[in-house]
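# Fold and contact review
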Amino acid sequence: IVLYGFSLAYAGVYEDFFIAVRRDATSEVLQLLLRGFDPNTIDPKGRSGLMVAIHEGSPRVAELLASLDQVDVNILSPTGESALMLASIKGEEDMVRKLIARGGDVNKTGWTPLHYAASGGHVGDERAAQVGETQDTAFLLHTLDTLWHSGLHRWPKPVSVGVQLHGLVPAM
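What this report covers is the structure whose coordinates are included nearby. (Residues numbered from 1 in each chain as written. Predicted model: local features only at pLDDT ≥ 70, side-chain atom pairs only at ≥ 80, totals over all residues. Heavy atoms only, no water.)

## Description of the side chain of D24
- Of note, D24 is situated in the loop between α1 (2–22) and α2 (26–34).
- A relative accessible area of 10% places D24 in the buried class.
- Once residues lying within four places of it in the same chain are set aside, the contact partners of D24 are S58, P59, R60 and V61. (Helix = DSSP H or I, 4+ residues; strand = E, 2+ residues; numbered from the N terminus. Buried < 20%, exposed > 50% of the residue type's maximum accessible area, 1.4 Å probe, protein only. Contact = heavy atoms within 4.5 Å.)

So this is what it looks like as structure tokens:
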């Protein structure tokens, strides 16, 4: 019976954590972490708090979690996605840099953060591309450059296709 009561209490904290993450409530997340909640706990979909924060558009909580040494930035979801991949596809340039600096895996097996950056739609339409470099195109080129200099020295087919679809040819 004591174990049952403990699991209910933990379930409340668990739910509170992910609700706070989705609400971008940094003070609530920090309080739960200070009380001992494991920031690497995964949600029912198999995503870490950091991944949920990036996916759900909670930038303050994402920044907080990404800055904590105990947060594993390389946790993979059941679909093989990492926080770095989610930040790449969403065009979160500062978060991409921070996660790479924290050791985010740029050379994971299968689709990589570079695939996500190339296929994330972070380039303008053809008309905008003809006029000149858009902010999104600049983000994609910067991400390609950042990931290349971080150790990604292979160009798998999906990256080449994604880059070609957007009319970009990285000079690397």
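## Some words on the environment of V106
- Take V106: it is sitting in the loop between α6 (93–101) and α7 (113–119).
- Judged by relative accessible area, V106 falls into the buried class, the value being 6%.
- Placed 24 residues apart in sequence, V106 and S82 show a C-alpha to C-alpha distance of 9.8 Å.

## A closer look at the nonpolar core
- Counting 34 residues, the largest nonpolar core has F17, V29, L50, I54, L65 and L99 as the members making the most contacts within it.
- If you tally residues by element for this core, the top one is α1, at six residues.
- Excluding residues that lie within four positions of it along the chain, F17 makes contacts with V29, L32, L33, F37, P39 and G49. (Core = buried A, V, L, I, M, F, W, Y, C linked by side-chain atoms within 4.5 Å.)

## Quick word on the environment of A83
- Of note, A83 is situated in helix α5 (residues 83–90).
- Of the residues examined, A83 reaches a relative accessible area of 1% and is grouped as buried.
- Along the primary structure A83 and I54 are separated by 29 residues, whereas in three dimensions their C-alpha atoms are 7.1 Å apart.
- Those residues in contact with A83, other than ones at most four positions away along the chain, are L50, M51, I54, V73, I75 and L99.

## Looking at the pattern of salt bridges
- Throughout the structure, instances matching the rule amount to seven salt bridges.
- Put simply, D43 and R22 hold a salt bridge, and the shortest N to O gap is 3.6 Å. Of the two residues, D43 sits in the loop between α2 and α3 (49–56) while R22 sits in helix α1, which places them 21 residues apart along the sequence.
- Judged by relative accessible area, which is 3%, D43 ranks as buried.
- Judged by relative accessible area, R22 falls into the partly exposed class, the value being 36%.
- R60 serves as the salt-bridge partner of D24, at 3.2 Å between the closest nitrogen and oxygen. Separated by 36 residues along the polypeptide, D24 in the loop between α1 and α2 and R60 in helix α4 (residues 59–67) bring together distant segments of the chain.
- Taken together, the shared-partner salt bridges connect R22, D43 and R47 into one network. (Salt bridge = Lys/Arg side-chain N within 4 Å of Asp/Glu carboxyl O.)

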